[in-house]
Amino acid sequence: MQAKPRVLVARAVFPEVIARLSQHLEVYANQTDEVWSKAMLTQRLAGMQGVFTTGGDSIDQQVLAACPALKICANMAVGYNNFDLAAMTAAGVLATNAPDVLTETTADFGFALLMATARRITESEHYLRAGLWTKWSYDLFAGADIHGATLGILGMGRIGQGIARRGAHGFGMQVIYHNRSQLAPEVEAELRACYVSKAELLKRADHLVLVLPYSAASHHAIGAPELALMKPSATLINLARGGIVDDAALAQALQIKTIAAAGLDVFEGEPALHPNLLKIPNVVLTPHIASASIPTRLAMANLAADNLLAFFTGKAPLTPLNPEVLQGAGQSAAAPD
Ligand code: GLV
């Protein structure tokens, strides 16, 4: 009998997903959820044909060179800046991600974070819990309105469109966006979204939501010069990736009120945070949980697992990032080397 392909699951996931994988694969699971350094991950990947990764597990040229048996990396995230895709393609390693299944949940969270930020919900709760609430006042935690305001969206992929739809149809907002490419007119009409330059987006948005992918080109897309263009009353929401915002510049802008407030789900160097962000009240901070509803996280894990199972049973992976690798390799890699 042919040996089952060996697959490493780099972080803890739902036990039912491990059970599904184990029906067809020899699974090495990290169910104690130890966080491995790159060297530890590389060591554990030795002899593995596949790996189930999350957004914090880096697969680069160094890892690939040390793990020649590796054929597929399935990411349980839509973002894949933890993959060096060019190096993976050059090494003939298939990469997959987990798009679509998280779109609506993440767009919901974008709104939750926007509303908490604009309406100062966490700041006011901290005040209340600290026993500081002694009387009603006309301006106690008065913030910005959402309804009727101008919603700016930077990056207009699936999640950006979900946020635009909620803003335009649910809250009567004027939606403006900037993206690498303009949407088709019928999509813009359905979303009631208007394409503008990045400078106009920064100047006009009452609430600016970032949902663009992270790459060298988007590194510090929002830094001190961009923040300076925004309204002093504006809020900034980062749902995308740490590194898109210059967190040091943002902390400074929040402190001196260049903008009114920010809501951040992602951070440069997370899980570490820029220390100044922890010192200022006008920022809502959440630990990278935009896609974290139970059904959605399960769907993301199942999609990553489905990609592995399809690949190792000779079927077409569902969401390949570099499908050219499959053509080159005649698709299947059912048998271990
Ligand atoms: C979450 O950040 C994802 O990319 O899925």
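Predicted model, so just to flag it, every value in this text is computed and none were measured. Counting starts from 1 at the beginning of each chain's written sequence and moves along it residue by residue. The predicted origin of the model limits local features to residues at a pLDDT of at least 70 and limits the giving and counting of side-chain atom pairs to 80 or more, whereas totals for whole chains, interfaces and linings rest on all residues. Side-chain numbers here rest on the full set of heavy atoms in the structure, without hydrogens or water.

This part covers the sheet that holds strand β1 (residues 6–9). Within a sheet, neighbouring strands are paired by backbone hydrogen bonds and run either parallel or antiparallel to one another. Strand pairing is assigned whenever DSSP detects at least two bridges linking the two strands. Runs of H or I in DSSP of at least four residues are treated as helices and runs of E of at least two as strands, each being numbered from the N terminus. As summarised here, the arrangement of the five strands in space is β2-β1-β3-β4-β5, forming an open sheet in which the pairing is parallel. Each edge of the open sheet is held by one strand with a lone partner, namely β2 (26–29) and β5 (94–96). The average undirected angle you get between the axes of adjacent strands in this sheet is 15°. Pairing geometry for strand β3 (residues 50–53) and strand β4 (residues 72–75), over four bridges, is parallel. Its bridge partner being in β4, Phe52 is matched across the sheet by Ala74. All axes are obtained by fitting lines to C-alpha atoms, using only the stretch in contact for helices, and the reported angles, taken between N-to-C directions, cover 0 to 180 degrees.

Once that is clear, we can look at the nonpolar core. We call a set of buried Ala, Val, Leu, Ile, Met, Phe, Trp, Tyr and Cys residues a nonpolar core when their side-chain atoms join them within 4.5 Å. Each residue gets one of three labels from its accessible area relative to the maximum for its type: buried under 20%, exposed over 50%, partly exposed in between, using a 1.4 Å probe on protein chains only. Residues Leu208, Leu210, Ile222, Leu227, Leu236 and Leu250 are the most contacted members of the largest nonpolar core, which totals 30 residues. For this core, the secondary structure elements donating two or more residues are α9 (198–204), β9 (207–210), α11 (247–255) and β11 (261–264). When residues of this core are assigned to their parent elements, the largest contribution, five residues, is made by α11. Here, two residues are considered to be in contact whenever any of their heavy atoms come within 4.5 Å of each other. Once residues lying within four places of it in the same chain are set aside, the contact partners of Ile222 are Leu154, Leu202, Leu208, Leu210, Leu227, Leu236, Ile244, Val245 and Asp246. By size, the runner-up hydrophobic cluster in this structure holds 28 residues, among which are Ala149, Leu151, Ala193 and Ala290.

Here the focus is helix α2 (residues 38–45). Within α2 the residues assigned to the buried category are Leu41, Thr42 and Leu45. Looking straight down α2, one finds that the buried residues subtend no more than 100° of arc, so they occupy a single side. Across from the buried face of α2, at angles greater than 90 degrees, the exposed residues are Ala39 and Gln43. Where α2 is buried, its residues touch β1, β3 and α3 (61–66). As used here, the arc is the angular range of directions from the helix axis to the C-beta atoms.

Once that is clear, we can look at the sheet that holds strand β7 (residues 174–178). One open sheet accounts for seven strands, arranged β8-β7-β6-β9-β10-β11-β12; its pairing is parallel. Here the strands that pair on one side only, and so sit at the sheet edges, are β8 (193–195) and β12 (283–285). Sheet twist, expressed as the average angle between the axes of neighbouring strands with direction ignored, equals 20°. Of the strand pairs in this sheet, strand β10 (residues 235–238) and β11 are connected by four bridges, and their pairing is parallel. Opposite Asn238, over in β11, you have Leu264 as the bridge partner. Along the sheet, helix α7 (residues 158–171) contacts β6 (150–154), β7 and β9; its crossing angle with β6, the most-contacted strand, is approximately 175°. Sheet strands touched by α11: β10, β11 and β12. Its angle to β11, the strand with the most contacts, is close to 145°.

Okay, α7 next. A helix is expected to span 1.5 Å for every residue after the first. Look at α7: 19 Å from first C-alpha to last across 14 residues, which is about the 20 Å you get at 1.5 Å a residue. Taken as a whole, α7 has its buried residues at Ile159, Gly160, Gln161, Gly162, Ile163, Ala164, Arg166, Gly167 and Ala168. If you follow the buried residues of α7, they end up packed against α5 (103–118), β6, β7, α8 (185–191) and β9. Residue Gly172 follows α7 closely and has a positive phi angle near 60°.

Think of a 1 Å grid over the protein atoms and nothing else: a 1.4 Å probe that fits but is trapped marks a cavity, an open set flanked by protein within 12 Å on at least five of seven lines marks a pocket, and residues with an atom within 4 Å of a point count as lining. Grid points are joined across faces, edges and corners, and a volume is the space filled by probe spheres set on the points. If you walk through the whole model with that rule in mind, you get one cavity of 30 Å³ or more. The space that makes up the largest cavity amounts to roughly 40 Å³. Of all the secondary-structure elements, those providing two or more residues to the lining of the largest cavity are α5, α6 (121–129) and β12. In this classification, Asp, Glu, Lys and Arg are treated as charged, Ala, Val, Leu, Ile, Met, Phe, Trp, Tyr, Cys and Pro as nonpolar, and every other residue, Gly included, as polar. Grouping the constituent residues of the lining of the largest cavity by class yields five nonpolar, three polar and two charged.

Geometric descriptors of this kind do not, in isolation, establish any biological role.
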